[in-house]
Amino acid sequence: MNNYKQIRLRKGKDESLRRFHPWVFSGAIQSMDEGIEEGDVVRVVTFSGDFIAVGHYQQGSIAVRVLTFSDVLIDDDFWSSRFRSALQMRLDIGIADNLQNNTYRLVHGEGDHLPGLIVDVYGKTAVMQAHSIGMHLCRKQIAKALAGVMGSRIANIYYKSETTLPFMTADDMSGFLVGGSEDNIATENGLKFRVDWLRGQKTGFFVDQRENRSLLEHYSKGKRVLNMFCYTGGFSFYAMRGGAQFVHSVDSSGKAVKLTERNVELNYPGDERHKAFAEDAFDFLDKVERDTYDLIILDPPAFAKHKSALKNALIGYRKLNAKAFAKIKSGGVLFTFSCSQAVSKEQFRLAVFSAAAQSRRKVRILHQLTQPADHPINIYHPEGEYLKGLVLYVE
Ligand code: SAH
C-alpha cells in the first residue's frame, strides 16, 4: 500500500471505476485530503474508504486520470512496466522494429493505460507529449524509464508540451530530455518525411493516418488527386507512389505547404506531377471546376475540440463535404475524415449523408476507416476512439 494523499468519492460514484474507466470527474468527489496540489499522485477511495485507484489529480472536469487500479507506488518500475507492455504489443503486431516503417505511436494515453501521455517514435527519436500536469511533473522520471526500455532503438527523447498543457510554466515545456539530434528524417511504409518536432502540430506528424494513406495509394493509379488539409503532405506522396496522374495539395498554412513540398521533393525530386497551394479549403473548392479531380481527400483539423462546439462542427463537416460532392468527377472516390473526439461515428456519418443528399448524387460507402493499431482503444474507455473516415464512391 502507498501513502499518497486521498480523494474520497461520493456514495455510488465508484461504479465506472469498478468497470475500469480511467477518469474521475470532479462531481464524483466527496472530499479531498488537505494539501493536494495539481499534478499530485493521489489515492482514490470509495465513500466507505476502500481503495479503488491511483492517479494524477488536476483541477477541471476530469479531476483524476487513473494510472493503476492496483495499490502500488508510481515509481521507476511502474513506468518501465507500462513502457515494456506498450512496446511488446507493438512488437507482437509487427509495428515496432520494422525496417520499412520507423514511425509509430508507442504510447497512446488511455489506450496504453497512461492517461495524459503520448509518445511517438520517429526513427531514433521519441517525441513525448504531456496532456496532464501530472505527466508534465513526472517527465524526467518517464524519460529515464522510456530510454531504459527502448535501449538502442532510440537515441533521443524530445519533450513537446507547450501547446497541450492548461498552463504555461517558464521554459521547461519543450526541449530534449535525452540526446539532441537534428536528424529528423523518418520513414513511413518506405516513404520519407521530415518531422518538425520543434514547431510542428501534434508531435510533428500525423502518425494516425498511416494505414489510411496506404489504402489511398491503392486507389491512386492514373487518378487526378486533390489532397485537402495536406499539412506535411502524407497523403500526397502516397498518391504519387500509387501512380497518380497528378496531385494537388492544399493547406491554408503557408508553412504546411512548404513542408509538403519539401517532403514530396525528398521522395520524388523534380517530379512535376505535384503542385501545392496555400489557400483556404472552402474557397479552393468553390473555385474548382466540376470534374477536375477523380480522388479527393478531406482531412480537416478537429472542428469540435469540445462538446460545446458540436453543432457548429457538424455544420462544418456537412458544408465541406457538400463542396467536395459538388465537384468530384462521376466515378470518383472521396476519402473524408473527422478527428474530433467529440463527434461520434454516427454523427459524422449523418453529416456526410446530409452533404450527399444535398448534392443529389449517388454515393456508396466502400470503407469505414479508423485509427491504426498503434493508437489502441482501451475497451473500458470508448472516448479513446477519435479518428473516423469514410471512403465513398460517387456517381
Ligand atoms: N492530412 C494531414 C493532417 C491534416 S491537419 C496529414 O495527413 O498529415 C489539418 C491541417 O488543416 C493543418 O495543416 C491546418 O493548417 C489546415 N487547415 C486548417 N484550416 C484550414 C482551412 N480552412 N483550409 C485549408 N487548410 C486548413
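Residues numbered from 1 in each chain as written. Predicted model: local features only at pLDDT ≥ 70, side-chain atom pairs only at ≥ 80, totals over all residues. Heavy atoms only, no water.

S.K.: Can you help me understand unusual backbone geometry in this one?
M.R.: Peptide bonds are trans in most cases, and residues, glycine excluded, mostly fall at negative phi. Phi at Phe 20 takes a positive value of approximately 65 degrees, unusual for a residue other than glycine. Mapping Phe 20 onto the fold places it in the loop between helix 1 (15-18) and strand 2 (23-25). Taking relative accessible area as the criterion, Phe 20 reaches 38% and is therefore assigned partly exposed. Even without being glycine, Asp 97 reaches a positive phi, approximately 55 degrees. Locating Asp 97 in the fold gives a position in the loop between helix 2 (76-92) and strand 7 (103-108). Of the residues examined, Asp 97 reaches a relative accessible area of 52% and is grouped as exposed. (Helix = DSSP H or I, 4+ residues; strand = E, 2+ residues; numbered from the N terminus. Buried < 20%, exposed > 50% of the residue type's maximum accessible area, 1.4 Å probe, protein only.)

S.K.: Just checking my understanding: could you explain the sheet that holds strand 3 (residues 29-32) for this structure?
M.R.: Note on sheets: strands pair through backbone hydrogen bonds, and any given pair is parallel or antiparallel. Strand order in the open sheet formed by 6 strands is 2-6-5-4-1-3, with mixed pairing between adjacent strands. Two strands bound the open sheet, and with one partner strand each, they are strand 2 and strand 3. On average, each strand axis in the sheet is inclined to that of its neighbour by 35 degrees, with strand direction left out of account. Where strand 4 (residues 41-45) and strand 5 (residues 51-57) come together, 5 bridges link them in antiparallel fashion. Opposite Arg 43, over in strand 5, you have Val 54 as the bridge partner. Of the strands in this sheet, strand 5 and strand 6 (62-68) are in contact with helix 2, which crosses strand 6 at around 80 degrees. (Pairing = 2+ DSSP bridges. Axes fitted to C-alpha atoms, helices over the stretch in contact; angles between N-to-C directions. Contact = heavy atoms within 4.5 Å.)

S.K.: Quick question: what am I supposed to make of the site of the ligand here?
M.R.: Around the ligand, the structure places 15 residues, and the nearest of them are Arg 213, Asp 251, Asp 280, Ala 281 and Asp 299. A distance of 3.2 Å separates an oxygen atom of the ligand from a polar atom in the side chain of Gln 201. Within the backbone of Ala 281, one N or O atom sits 2.8 Å away from a nitrogen atom of the ligand. Considered class by class, the residues forming the shell around the ligand number 7 nonpolar, 3 polar and 5 charged. (Near = heavy atom within 4 Å. Polar contact = N/O pair within 3.5 Å; in protein donor to acceptor, adjacent residues only side chain to side chain. Nonpolar A, V, L, I, M, F, W, Y, C, P; charged D, E, K, R; others polar.)

S.K.: What should I look at first to understand the nonpolar core in this one?
M.R.: Note that soluble globular proteins tend to have their nonpolar side chains buried in a common cluster. Counting 35 residues, the largest nonpolar core has Trp 79, Phe 83, Leu 106 and Leu 117 as the members making the most contacts within it. Contributions of two or more residues to this core are made by helix 2, strand 7, strand 8 (117-122), strand 9 (125-130), helix 4 (139-150) and strand 10 (156-160). Here the element with the most residues in this core is helix 4; it accounts for 6 residues. Residues contacting Leu 106, with those up to four places away along its chain left out, are Ala 86, Leu 87, Arg 90, Asp 112, Val 119, Asp 120, Val 121, Leu 146 and Met 150. By size, the runner-up hydrophobic cluster in this structure holds 32 residues, among which are Leu 191, Phe 193, Met 240 and Val 264. (Core = buried A, V, L, I, M, F, W, Y, C linked by side-chain atoms within 4.5 Å.)

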